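So the chains spell out like this:
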Amino acid sequence: MIEPETVLKVARLARLELSGDESARLAVELGRILSHVDRLEELDVADVPPLMPATGGSDVYRDDATGPTLSVQDALGNAPDTSDDCFRVPKVIDDA
Amino acid sequence: MTAPWPSIDALAASVRSGERSAAETVRTALKRISAHEDLGAFLHVDEARALDDAQAVDRRVGAGDDLPLAGVPVALKDNLCARGSPTTCGSRILEHFAPPYDATAVARLQQAGAVVVGKTNLDEFAMGSSNENSAFGPVKNPWDTTRAPGGSSGGSAAAVAAGIVPVALGSDTGGSIRQPAAFCGTVGLKPTYGRVSRYGLVAFGSSLDQIGPLTNRVSDAALVLAIMAGGDPRDATCSNDPVPDVVSGLDGGVEGLRVGLPKEYLGDGIEPCVRQAVATAAQRLAADGAEVREVSLPHTPYAIPAYYVVATCEASSNLARFDGIHYGRRAEAPNLSSTYERSRTEGLGAEVRRRILLGTFALSAGHYDAYYDRAMRVRTLIRRDFEQAFDSVDLLLSPAGPTPAFRLGEKTQDPLEMYLADILTVAANLAGVPGLVVPECVGEFEGAALPIGVQLMGPMWSEPTLLRVGHHLERTRGEMPAAPTGGTA
């Protein structure tokens, strides 16, 4: 089970806003999904390693060489607000 | 009724020989997009650009370029980047996003002469099994417009099934190519994880996602895979190993092949018509010299819970980038923190928010070991199931889903019920192995005549075998009728 307060806490971590109604509804929905997920506890996995890397391959290396990258103009092209080759954001200082 | 497309190979050959131009081929696809607008399969079409690109292909053909996909119209699921074209992922948060680069898979198809004609509808950020989670409306199944096309590559499957394009690309994180292929009666291939570069595919579950083709026939899927596959310095998870020839061995038959029927995939809850389709396919393989036996994938009941932990954890991390700052929609808010929260809350749909919350919860302090770590261990068990099965058989034959296409609206009230529909496809993604869906027959389900597909799964990198066996099933099946293409809506 999961409490509505926990849902609200997780929503803050995920940078999502929830109303009181939504957190109550999501607590029920997520609780149902998690009780299905809890079936995983039936398995003894103490001696089973996690699947890492995901599909068993080995690390891939490349030469540490420079190459073409996106231009600043392209990288900023989709930003809602920019200034002097930078992303512009709202005030941060009173955000603590 | 729309005339079916010839094979991609024949289509490209006719453009190379000058029998038809790329421009007129692309015009045909564009006309079909307009004629089938009611299906909701496409989100963006840029006719002028498609025709420009087609004329460029005609010039290359005229200059003697030997293009294996000359003039072939291709549709892209709208989570694949094509430079300068809108790429919304079916989400409000990316409504006005146009990427400044091409996905590697897309660039390779274009280099081979294919022409992008449009971007197809999908469940938002590829999260869904019915295409009903798109912010821009659902797609209708061309076989029965009251039914779902499957998801999340529902637009791509419907576009191919309705005869609009000969090939569409999709992405498959837990069945998102194979299940819609089965629902719409097309071929759908999820390659081995690492066979096709994911560069330019908007990430959902990075250890699960693969790009693959949806086509009318297996040989078309093989040709498209051959062109997309292979190492890419921009995707470190993409294998640099040489790609085996997947095209020339298609007629090799099935003599001596060992085929496993996983018993957990044929148990309770599988519709009789689906079970019958698998049995018929198995009988044909046996009659043609294959040895068919039952095998077990004992951890199958744990695939859905493991998948919905791994996929949502990875999604919660991947989707953190949608913050209203770097690209996409920004909500007006007084400070940075509330800008993030409002932009994401207004821009992301209910299912995407639900999965982000689930993944964030499973990764949060105190829960990581119980959920993510445990799911990744169970993932090892699921992979071992496949490895053990492939000790005694060359590939597995199974259904692609418990039922043919379900009705629009049927499962939208209950997220868990929708998740459970993915039970026969998610294990391949968890294990990394390839899966191919091939239409087997048209069956009756709830009074409707609907296509039924069968799924082949093989060991890592076994695409040559999968495609050869899929091609054999298709060749020995007889003609599949075309979809009625939604003319009754």
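Residues numbered from 1 in each chain as written. Chains lettered and ligands numbered in written order. Predicted model: local features only at pLDDT ≥ 70, side-chain atom pairs only at ≥ 80, totals over all residues. Heavy atoms only, no water.

## Digging into the overall build of chain A
Worth spelling out the cut-off: Each helix corresponds to a stretch of at least 4 residues labelled H or I by DSSP, and each strand to a stretch of at least 2 residues labelled E; elements are numbered beginning at the N terminus. Restricting the calculation to C-alpha atoms gives the radius of gyration, and the globule rule supplies 2.2 Å times the number of residues raised to the power 0.38. The accessible surface values rely on the Shrake-Rupley method and a 1.4 Å probe; as for residues, cover is taken only from the protein chains in view. Neither His nor the chain ends contribute to the count of charged residues, in which Lys and Arg are positive and Asp and Glu negative. To locate a charge, take atom NZ for lysine, CZ for arginine, CG for aspartate or CD for glutamate.
The secondary structure content of chain A amounts to 3 helices and 2 strands. When the helices and strands of chain A are read in sequence order from the N terminus, they spell out α-α-α-β-β. Against the compact-globule benchmark of 12 Å for 96 residues, chain A has a radius of gyration of 22 Å, which places it well outside the compact range. Approximately 6,700 Å² of chain A is accessible, and the part contributed by carbon and sulfur atoms is 50%. Here chain A holds 9 positive side-chain charges and 20 negative ones, and the gap between their average locations is 5 Å.

## Quick look at the nonpolar core
Just so we agree on the cut-off: Throughout this description, the term nonpolar core refers to a set of buried Ala, Val, Leu, Ile, Met, Phe, Trp, Tyr and Cys residues connected via side-chain atoms within 4.5 Å. Burial classes: relative accessible area under 20% of the type maximum marks a residue as buried, over 50% as exposed, and values in between as partly exposed (1.4 Å probe, protein chains only). Two residues qualify as a contact provided that any one of their heavy atoms is within 4.5 Å of a heavy atom in the partner residue.
B:Phe125, B:Phe386 and B:Leu397 are the most contacted members of the largest nonpolar core, which has 169 residues in total. Contact partners of B:Phe125, with chain neighbours within four places excluded, come to B:Cys89, B:Ser91, B:Ile93, B:Leu94, B:Val202, B:Phe204, B:Leu319, B:Phe322, B:Leu348 and B:Val352.

## Quick look at the sheet that holds strand S2 (residues 73–77) of chain B
Residue and element names in this part refer to chain B. Just so we agree on the cut-off: Any two strands with at least two DSSP bridges between them are considered paired. Axis definition: a line fitted to C-alpha atoms, over the contacting stretch in the case of helices. Angles run 0 to 180 degrees between N-to-C directions.
Spatial ordering of the open sheet is given by S1-S3-S2-S4-S6-S5-S10-S11-S9-S7-S8, a layout of 11 strands whose pairing is mixed. The two strands at the open ends of the sheet, each matched to only one other strand, are strand S1 (42–44) and strand S8 (291–295). Within this sheet the neighbouring strands show an average axis-to-axis angle of 35°, counted without direction. Sheet analysis places strand S7 (residues 258–262) next to strand S9 (residues 395–399), joined by 2 bridges and oriented parallel. Bridge assignment links Val259 to a residue of S9, and that residue is Leu395.

## Points about the interface of chain A and chain B
Defined as follows: Accessible area, probed at 1.4 Å, shrinks when two parts are joined; the buried area is that loss added up over both. Here, a salt bridge means any side-chain nitrogen of Lys or Arg that lies within 4 Å of a carboxyl oxygen of Asp or Glu. Identification of polar contacts relies on pairs of N or O atoms within 3.5 Å, with a donor-acceptor requirement for protein atoms, meaning one able to donate a hydrogen and the other able to accept it, and with residues adjacent in sequence counted only if both atoms are side-chain atoms.
Facing the 51 residues of chain A at the interface are 63 residues of chain B. The junction of chain A with chain B conceals about 5,300 Å² of combined surface from both sides, 67% of it contributed by carbon and sulfur atoms. Where A:Glu29 meets B:Arg354, a salt bridge forms, and the shortest distance between an N and an O atom there is 2.7 Å. In this structure, the connection of chain A to chain B is made through 18 residue pairs in polar contact (both at pLDDT 80 or more). In terms of residues, the side of chain A that touches chain B owes the most to one element, helix H2 (residues 20–37) of chain A, which gives 10 residues.

## Here we look at the side chain of B:His299
Tracing the backbone through its elements, the reader meets B:His299 in the loop between S8 and helix H9 (303–318). Ignoring anything within four residues of it in the chain, the contact list for B:His299 reads A:Leu43, B:Leu381, B:Ile382 and B:Asp385.

## A few points about the pattern of salt bridges
In this structure the tally under the stated criterion is 28 salt bridges over all chains. Its salt-bridge partner being B:Glu446, residue B:Arg147 comes within 3.0 Å of it at the nearest N-O pair. Residue B:Arg147 is found in the loop between strand S3 (115–120) and helix H5 (154–161), and its partner B:Glu446 is found in the loop between strand S10 (435–445) and strand S11 (448–457); the two are separated by 299 residues along the sequence. Classification of B:Arg147 as buried rests on a relative accessible area of 1%. When the shortest N-O distance is used, the salt bridge between B:Arg293 and B:Glu291 registers 2.3 Å. On the basis of relative accessibility, which here comes to 29%, the residue B:Arg293 falls in the partly exposed class. Exposure remark for B:Glu291: the relative accessible area of 39% places this residue in the partly exposed category. Members of the salt-bridge network, linked through shared partners, are A:Arg25, A:Glu29, B:Glu351, B:Arg354 and B:Arg355.

## Structural notes on the packing of aromatic side chains
Rules: The rule is short: rings of Phe, Tyr and Trp, with Trp giving its six-membered ring, pair when the centres are within 6.5 Å, and they are stacked under 30 degrees, edge-to-face over 60, tilted in between. Charge-over-ring contacts are defined here by two conditions on Lys NZ or Arg CZ: a distance within 6 Å of the ring centre and an angle within 35 degrees of the ring normal.
Following the criterion strictly, the structure yields 10 aromatic pairs over all chains and no others. Joined through ring pairs, the aromatic side chains of B:Phe97, B:Phe125, B:Phe322 and B:Tyr327 make up one cluster. A cation over a ring is seen here: A:Arg39 above B:Tyr302, with NZ or CZ 5.9 Å from the ring centre. Over the aromatic face of B:Phe406 sits the side chain of B:Lys411, whose NZ or CZ is 5.0 Å from the ring centroid.

## Describing the packing of helix H4 (residues 104–111) of chain B against helix H7 (residues 218–228) of chain B
Residues and elements named next belong to chain B. How we decide: Each angle is binned into one of four classes, with values under 35 degrees roughly parallel, values over 145 roughly antiparallel, values of 65 to 115 roughly perpendicular, and all other values oblique. Charged residues are taken to be Asp, Glu, Lys and Arg, nonpolar residues to be Ala, Val, Leu, Ile, Met, Phe, Trp, Tyr, Cys and Pro, and polar residues to be all remaining types, Gly included.
Axis separation between H4 and H7 bottoms out at 8 Å; the angle between their running directions is 110°. In terms of orientation, H4 and H7 fall into the roughly perpendicular class. Residue-level inspection shows Ala105, Arg108 and Leu109 of H4 in contact with H7, the latter providing Val224, Ile227 and Met228. Within the contact of H4 with H7, the residues separate by chemical class into 5 nonpolar, no polar and 1 charged.

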